[in-house]
Amino acid sequence: MHQGSRITAVGHYQPARILTNEDLAGMVDTSDEWIRSRVGIRSRRIAGPDEPVDELAGHAAAKALAAAGLTPADVDLVVVATSTAVDRSPNTAARVAARLGIPGPAALDLNVVCAGFTHALATADHAVRAGSSHRALVVGADKMSEVVDWTDRTTCVLVGDGAGAAVVEGCAPGEEAGIGPVLWGSVPEMGNAVRIEGTPPRFAQEGQSVYRWATTRLPAIARQACERSGLEPAQLAAVVLHQANLRIVEPLAAKIGAVNAVVARDVVESGNTSAASIPLALSKLVERGEITTGDPVLLFGFGGNLSYAGQVVRCP
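The structure reproduced in this document is the subject of the present report. (Residues numbered from 1 in each chain as written. Predicted model: local features only at pLDDT ≥ 70, side-chain atom pairs only at ≥ 80, totals over all residues. Heavy atoms only, no water.)

Some points on the sheet that holds strand S4 (residues 77-81)
Phase 1 of the analysis: Pairing is mixed across the open sheet formed by five strands, whose spatial order is S1-S7-S6-S4-S5. Since the sheet does not close on itself, it has two edges, and those belong to strand S1 (5-13) and strand S5 (106-110), each with one partner. Put simply, the sheet's adjacent strands are angled 15° from each other on average, direction ignored.
Phase 2 of the analysis: Here helix H5 (residues 116-130) sits on the sheet in contact with S1, S4, S5, strand S6 (135-143) and strand S7 (161-170), set at roughly 165° to S6. (Pairing = 2+ DSSP bridges. Helix = DSSP H or I, 4+ residues; strand = E, 2+ residues; numbered from the N terminus. Axes fitted to C-alpha atoms, helices over the stretch in contact; angles between N-to-C directions. Contact = heavy atoms within 4.5 Å.)

Examining the packing of helix H3 (residues 53-68) against helix H4 (residues 92-100)
Any two packed helices are characterised by how steeply their axes cross, that is the angle between the axes, and by the distance between the axes.
Phase 1 of the analysis: One way to put it is that H3 packs onto H4 with a least axis distance of 9 Å and a crossing angle of 55°. The angle between the axes of H3 and H4 places the two elements in the oblique class. In this structure, H3 meets H4 at a crossing whose hand is right-handed. For the pair H3 and H4, the contacting residues are Val 53, Asp 54, Glu 55, Ala 57, Gly 58, Ala 61, Ala 62 and Leu 65 in the first and Thr 92, Arg 95, Val 96, Arg 99 and Leu 100 in the second.
Phase 2 of the analysis: Classifying every residue of the contact of H3 with H4 by side-chain character gives seven nonpolar, two polar and four charged. (Parallel < 35°, antiparallel > 145°, perpendicular 65-115°, else oblique. Left-handed = near helix turned anticlockwise from the far one by under 90°. Nonpolar A, V, L, I, M, F, W, Y, C, P; charged D, E, K, R; others polar.)

Overview of the packing of aromatic side chains
Phase 1 of the analysis: Applying the stated criterion to the full structure yields two aromatic pairs.
Phase 2 of the analysis: Judged by centre distance (6.5 Å) and plane angle (70°), the rings of Trp 213 and Phe 302 are edge-to-face. You can see Trp 213 sitting in helix H7 (residues 207-216) and its partner Phe 302 sitting in strand S13 (residues 296-303), a full 89 residues away along the chain. Here Trp 213 and Phe 302 have matching classes, each one buried.
Phase 3 of the analysis: Relative to Phe 302, the ring of Phe 300 has its centre 6.3 Å away and its plane inclined at 35°; by these criteria the two rings are tilted. Per residue, the accessibility class of Phe 300 equals that of Phe 302, and both read buried.
Phase 4 of the analysis: Here the aromatic residues Trp 213, Phe 300 and Phe 302 are joined through ring pairs into a cluster of three or more.
Phase 5 of the analysis: Lying over the aromatic face of Trp 34, Arg 153 brings its terminal NZ or CZ to 5.3 Å of the ring centre. (Phe/Tyr/Trp six-rings, centres within 6.5 Å; stacked < 30°, edge-to-face > 60°. Buried < 20%, exposed > 50% of the residue type's maximum accessible area, 1.4 Å probe, protein only. Lys NZ or Arg CZ within 6 Å of the ring centre and 35° of its normal.)

Overview of the pairing of strand S9 (residues 194-197)
Residues in a regular strand project their side chains so that they alternate between the two faces of the sheet.
Phase 1 of the analysis: Bridge analysis of S9 against strand S10 (residues 202-205) gives four bridges, and the strand direction is antiparallel. Bridge pairing links Glu 197 to Arg 202 in S10.
Phase 2 of the analysis: Linking S9 to S10, which pair antiparallel, is a turn of four residues; within it Gly 198 sits at a positive phi near 95°.

Side note on the sheet that holds strand S8 (residues 183-186)
Phase 1 of the analysis: Judged by pairing direction, the sheet is mixed, and its five strands sit side by side in the order S8-S14-S13-S11-S12 without closing on themselves. In this open sheet, the two strands that pair with only one neighbour each are S8 and strand S12 (262-263).
Phase 2 of the analysis: Relative to the sheet, helix H11 (residues 277-287) contacts strand S11 (238-241), S12 and S13, its axis offset from that of S11 by approximately 150°.

Notes on the pattern of salt bridges
A side chain with one charge may pair with a side chain of the opposite charge, provided their charged atoms come close.
Phase 1 of the analysis: Counted according to the given criterion, the structure contains 17 salt bridges.
Phase 2 of the analysis: Across the salt bridge formed by Arg 36 and Asp 32, the nearest N and O atoms sit 3.0 Å from each other. Separated by four residues within a single helix, Arg 36 and Asp 32 lie in helix H2 (residues 32-39), roughly one turn from each other.
Phase 3 of the analysis: For Asp 54, the salt bridge identified is with Arg 99, shortest N-O distance 2.7 Å. With Asp 54 in helix H3 and Arg 99 in helix H4, this residue pair connects regions lying 45 residues apart in the sequence.
Phase 4 of the analysis: Each of the salt bridges in this network shares a partner with another, and the network as a whole consists of Asp 54, Glu 55 and Arg 99. (Salt bridge = Lys/Arg side-chain N within 4 Å of Asp/Glu carboxyl O.)

See below:
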């Protein structure tokens, strides 16, 4: 058992194909100006038909492992947050473990849609604290391009594909926990506001309901997540929210009161990548040196089910 856990490395992966707003204007009745003014997105990455979601996840996981200086044999738990896996079994985590050659890990998928990564991170933290895991690989990966209706201009302009990953390890005796207590919950009676339903599955949402909920209800909840870690929002070095829409991210970040924080705006170049969005954005902030080791960062996921989960972590 450990008194706490910490993120020791992160990594991310995006497919090579870039789909711009101009490209979309040739596919549906929309324009670059319309998309940027309403959701703030300029481009997104789209995976090919031969790039399943476990491949995206595997690339990000391999990068995180390499950044941590670890081998696959060092990992005993793989948790993958995704809502776009095509197959039910083997699950995405088992396929990632097979791709990387991780011997005998506990392997589980977790579907909390856009709040998936922060739920998965909390789950790994709890497993390490309880002593059932020593070192976990936590991945958020989604292939939203496979579940969107490319003739629906209200949703197809939003989404992108990608993956982000984190290595979670137990803290040494006396070391301060690097993953703070999670604050999580949901609004089940409003669950239909974001849906991936049907055969074939299709993404749909009630945009105005989600916008109102995110900008009015969530700021106080995100502030509570800070309080659970014993920090004031003004002490945060960065805020990494689910990258749903720039018009949600910016007001929510402002209302949290993190006046000194870098605010992740990866949605501009990546679109909404669901469970991948938070680790993808966090990994890019680390890679660019915009945050440094030990910096307190609020991670806050929200969306499908209307679920939410947030915690303050220390930058690896």
